[in-house]
Amino acid sequence: MLDPTVIDVLLAGSALDALTPREREVLRLIAEGRSNAAIRAALHLSDSAVTKHITSIFDALGLPPSAEDNRRVLAVLAFLDL
């Protein structure tokens, strides 16, 4: 879990510029360790909207489905620019 202030600093000028503002919000919540249900509640979205945003994040970051990798973790690592 990361402090929201740290997350805001990390987002500024990062390689994630291709993400929409809403996708950035969703990724920030993923980085905070939130589940899809928690993201849905925090942003007042439907289940399908959360899933759509997460899929768009994975696509924008070039993270195809994989049996070996956890795309949520890889997205957070990209978010942290590690």
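Since the structure is predicted, the reported quantities are computational estimates derived from the model, not experimental observations.

Draft legend 1. Looking closely at the nonpolar core. Grouped together as the largest cluster of nonpolar side chains are 20 residues, with contacts concentrated most on Val-26, Leu-27, Ile-30 and Ile-39. Among the secondary structure elements, those contributing two or more residues to this core are helix 2 (21–31), helix 3 (36–43), helix 4 (47–60) and helix 5 (71–80). If near-sequence neighbours (up to four positions away) are discounted, Ile-39 is found in contact with Val-26, Leu-29, Ile-30, Arg-34, Val-50 and Arg-72.

Draft legend 2. Representation of helix 5. Those residues of helix 5 lying buried are Ala-75, Val-76, Phe-79 and Leu-80. For helix 5, the angular spread of buried residues about the axis comes to 135 degrees, placing them on one side. Taken from the residues just after helix 5, Asp-81 is the one with a positive phi, measuring 60 degrees.

Draft legend 3. Spotlight on the environment of Asp-47. Its place among the elements puts Asp-47 in helix 4. For the pair Asp-47 and Asn-36, spaced 11 residues apart in sequence, the C-alpha to C-alpha distance is 7.5 Å. Here the side chain of Asp-47 touches Arg-40 through a polar contact of 2.6 Å, side chain to side chain.

Draft legend 4. Quick peek at the pattern of salt bridges. One pass over the full model with this rule turns up 4 salt bridges. A salt bridge links Glu-25 to Arg-22; its shortest N-O distance comes to 3.2 Å. Pair noted here: Glu-25 and Arg-22 are both in helix 2, with a separation of 3 residues, about one helical turn. The salt bridge involving Arg-34 is made with Glu-32; its shortest N-O contact spans 3.5 Å. Its relative accessible area of 30% is what places Arg-34 among the partly exposed residues. The buried category is assigned to Glu-32, whose relative accessible area is 10%.

Calculation rules
- Residues numbered from 1 in each chain as written.
- Predicted model: local features only at pLDDT ≥ 70, side-chain atom pairs only at ≥ 80, totals over all residues.
- Heavy atoms only, no water.
- Core = buried A, V, L, I, M, F, W, Y, C linked by side-chain atoms within 4.5 Å.
- Buried < 20%, exposed > 50% of the residue type's maximum accessible area, 1.4 Å probe, protein only.
- Helix = DSSP H or I, 4+ residues; strand = E, 2+ residues; numbered from the N terminus.
- Contact = heavy atoms within 4.5 Å.
- Arc of directions from axis to C-beta.
- Polar contact = N/O pair within 3.5 Å; in protein donor to acceptor, adjacent residues only side chain to side chain.
- Salt bridge = Lys/Arg side-chain N within 4 Å of Asp/Glu carboxyl O.

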